[in-house]
Amino acid sequence: MDKNFYPADKGAFTGEVSITQAKNIGAKYVLIGHSERRAIFNENEVFLKEKVNAALANDLTPVFCCGESLEIREANEELNFVKQQLMDSLFHLSADDMAKCIVAYEPVWAIGTGKTASTAQAQEIHAFIRSLLTNKYSEALAQSITIQYGGSVKAENAAELFQSADIDGALV
């Protein structure tokens, strides 16, 4: 069960679900950094880092979403952008804690826009993410982490995407 949450154990956060409530209703995985939460609720990297820490402290698996807008893609800055997202919200973690995380790449420009990332584009970013994990932690850790693709996966493109070396599944 995936559930959004507020990182505090308790308090007055009207409209939000506390981390404790998410855990109590049976959540095992929590989405952190989804593009809609970033855009609509202005969740920034500092807040997302808090959510990652809270999830891990409560034995929940963070599914950390990263990805770029069309403007960033068209400026050929997607690699720098995704790298910064990971550095700001995940790369403070120890290797043991990082091993408990899932990374989901979601090209924001390919969600609900009618545009679709090619398999080659998706694989390129996934390989880049895995290389960042290797450089920060180790090859073994990088290979053990699930990196999912979350950009308009459908029956027509799923098989091809999942044949890619660094795409470990879909976030749908």
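Quick note: structure is the one above.
Described in the following lines is the structure provided in the data block. (Residues numbered from 1 in each chain as written. Predicted model: local features only at pLDDT ≥ 70, side-chain atom pairs only at ≥ 80, totals over all residues. Heavy atoms only, no water.)

This part covers the side chain of H126. Summarising the element assignment, H126 is placed in helix α7 (residues 119-136). Apart from residues lying up to four places away in sequence, H126 is in contact with Y105, I147, Q148, Y149, D166 and I167. (Helix = DSSP H or I, 4+ residues; strand = E, 2+ residues; numbered from the N terminus. Contact = heavy atoms within 4.5 Å.)

Relative to the assigned elements, R73 resides in helix α4 (residues 70-74). Beyond its immediate sequence surroundings of up to four residues, R73 is in contact with E68, E78, Y105, W109, Q121, E124 and I125.

Residues I102 and A104 line one face of strand β3 (residues 102-105) and the alternating positions V103 and Y105 line the opposite face, and both faces are buried. Bridge count for strand β2 (residues 61-66) against β3 is 4 bridges, and the pairing is parallel. In the strand pairing of β3, C66 is matched with Y105. Judged from the 3 bridges that link them, β3 and strand β4 (residues 147-149) form a sheet pairing that is parallel. Bridge pairing in β4 places Y105 opposite Y149. (Buried < 20%, exposed > 50% of the residue type's maximum accessible area, 1.4 Å probe, protein only. Pairing = 2+ DSSP bridges.)

Ranked by internal contacts, the top residues of the largest apolar core, which has 42 residues, are L86, L90, M98, V103, I129 and L133. Tallying contributions element by element places α7 first for this core, with 6 residues. Apart from the residues lying within four places of it in its own chain, the contact partners of M98 are L90, L93, V103, L133, Y137, L141 and I145. By size, the runner-up hydrophobic cluster in this structure holds 5 residues, among which are C65, I102, A104 and L171. (Core = buried A, V, L, I, M, F, W, Y, C linked by side-chain atoms within 4.5 Å.)

Another aspect to go through is the pattern of salt bridges. Per the counting criterion, the structure on display carries 9 salt bridges. Between E78 and R73 there is a salt bridge whose closest N-O contact spans 3.5 Å. Each of E16, R37, E43 and K51 takes part in one network of salt bridges that share partners. (Salt bridge = Lys/Arg side-chain N within 4 Å of Asp/Glu carboxyl O.)

Below, the discussion takes up the packing of aromatic side chains. Throughout the structure, instances matching the rule amount to 2 aromatic pairs. Both rings, one in F91 and one in Y137, keep their centres 5.8 Å apart while their planes meet at 90°; by these two values the pair is edge-to-face. Within this pair, whereas F91 is found in the loop between α5 (78-89) and α6 (95-98), its partner Y137 is found in the loop between α7 and α8 (139-144), the two being separated by 46 residues in sequence. The pair F91 / Y137 is uniform in exposure class, with both members buried. Ring centres 6.2 Å apart and planes at 40° place the aromatic pair Y105 and Y149 in the tilted group. (Phe/Tyr/Trp six-rings, centres within 6.5 Å; stacked < 30°, edge-to-face > 60°.)

Contact geometry for helix α3 (residues 45-57) and α5: axes closest at 8 Å, N-to-C directions at 50°. Comparing the axis directions of α3 and α5 gives the class oblique. For the crossing formed where α3 meets α5, the hand is right-handed. Here α3 contributes E45, L48, K49 and V52 to the contact with α5, which in turn contributes Q85, D88 and S89. (Axes fitted to C-alpha atoms, helices over the stretch in contact; angles between N-to-C directions. Parallel < 35°, antiparallel > 145°, perpendicular 65-115°, else oblique. Left-handed = near helix turned anticlockwise from the far one by under 90°.)

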